[in-house]
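# What the coordinates show
This is what each chain is made of:
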Amino acid sequence: MNIPSLANWQTNRGLGLRHLEKIVPDLMSVNARETRTLSEALDTKIPTLPGMKNITQHDEIDAIVVVKGSDIVFEHYGQDFSASDVHSAQSSTKPVSLLLLDQAIRAGKIAIDDKVEQYIPEIGSGFYGRTIEDIMSMNVAHEFNEMTAYTALEGSRLYQLRLEDEMSFGYLPLAGRPFVARREFAQKLRPSANTNSNENIDNNRIYSTINTEVAGWIIERAMNTPLSCMVRTLMHDIGGENTVHMSVDHTGVPSIGAGLILTARDFARYGMLLRDCPYIDKVNSKPGTLVPNSSQTYRLSLTSLAFGYSHSGWGGQYIFVDPKKDLVVAIFGGIRGEDPMPSAYFQTVESAIHEVHSYYRP
């Protein structure tokens, strides 16, 4: 098997997501000091649920792990993928920022209505004046919207920003260009060219991973602790049975917006950490931004569903948690088509999760 290179992994997405730890230039890795206990208690009813039966037959699903309490009640792996194989979680990493925020709030170091510039006075005009809640709710109208950047005209400023964004992630080769750190990229962003303001006037979610990483920068300043140290501790807290990786930029700053690479069981363990986070109950205390083409809202790095909380990820990743039912569903996908985030795929996934959620009565 030929593992894709940094130059072509995105056009070999399914394989690239399974081997990203061998592709990206810079990583931090943790072998947990203690493994979080997971017991096998497989429920034979779950694979017979129509939605779950449907997605287990989907050839772009790499893995599914369902955890109730600390029991694995369902587990499925796609072709040529196993429980010991790692996979990129992509944007399902973003709730790491909520876990870190919870620590900072409980330490009395931060409040969600604090302004970005209180902690990062050198931040540029793209973020200046916005609050921590704004940036963690994708409620900032700076010029870099990931959803439009991928169709930007070649040579346009948005197109150039997309290249810099991906190179700063370590997702594209530099090809003779200078290094760009994630925080340098954040500083250079301007307000939206359409309104000359970074205020989101229509309350629709304006999706940009750099927002999450600015949140990490703020928490680092508030806690007076390097983000890499806090993230390393959190990676140990996941309690993985296998090595857990996090991609970093060339300066060593963890990519808490999309950097987790881990096995499906350890992805579920990460979900357990999120499920049990004390601050998760605050996510729905105020309205979030509106997720386009849905009834869902987004706030503090989580999407609110009618029956729990979730975060999707590029290429088919999905983490779902419901603290009330003590439930976690972790899904790795390897979408190979031109559209890396097809709505039909995620609707199918959410429908199957809803069936599992309904199966476990209150």
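Now for a quick tour of the structure. Here the structure is a predicted model, which means the values were calculated and not measured.

### Focus on unusual backbone geometry
The backbone of Asn224 shows a phi angle near 55°, a positive value even though the residue is not glycine. Positive phi is not limited to glycine here, since Leu300 has a value of about 55°. The exposure class assigned to Leu300 is buried, which follows from its relative accessible area of 0%.

### Observations concerning the nonpolar core
One finds Leu100, Leu101, Ile110, Phe127, Ile135, Ile218 and Leu260 to be the most contacted residues of the largest nonpolar core, which totals 72 residues. The residues touching Leu260, leaving out its near neighbours within four places in the chain, are His87, Ser88, Ala89, Gln90, Thr93, Val96, Ile238, Val244, His245, Met246 and Tyr270.

### Looking at the environment of Ala152
Relative to the elements of secondary structure, Ala152 occurs in the loop between helix 6 (146-149) and helix 7 (157-169). Its relative accessible area of 17% is what places Ala152 among the buried residues. Sequence spacing of Ala152 and Arg162 is 10 residues, and the spatial spacing of their C-alpha atoms is 8.6 Å. The contacts of Ala152, once residues within four sequence positions are left out, are Leu158 and Tyr159.

### Points about the packing of helix 3 (residues 96-106) against helix 9 (residues 209-223)
Here helix 3 crosses helix 9 at 25°, and the two axes come no closer than 10 Å. By the angle between their axes, helix 3 is roughly parallel relative to helix 9. Judged by the sense of rotation from one axis to the other, the crossing of helix 3 with helix 9 is left-handed. Listed contacts from helix 9 to Ser97, Leu100, Leu101, Gln103 and Ala104 of helix 3 are Thr212, Ile219 and Met223. Class assignment for the residues of the contact of helix 3 with helix 9 results in five nonpolar, three polar and no charged.

What counts and how
Residues numbered from 1 in each chain as written. Predicted model: local features only at pLDDT ≥ 70, side-chain atom pairs only at ≥ 80, totals over all residues. Heavy atoms only, no water. Buried < 20%, exposed > 50% of the residue type's maximum accessible area, 1.4 Å probe, protein only. Core = buried A, V, L, I, M, F, W, Y, C linked by side-chain atoms within 4.5 Å. Contact = heavy atoms within 4.5 Å. Helix = DSSP H or I, 4+ residues; strand = E, 2+ residues; numbered from the N terminus. Axes fitted to C-alpha atoms, helices over the stretch in contact; angles between N-to-C directions. Parallel < 35°, antiparallel > 145°, perpendicular 65-115°, else oblique. Left-handed = near helix turned anticlockwise from the far one by under 90°. Nonpolar A, V, L, I, M, F, W, Y, C, P; charged D, E, K, R; others polar.

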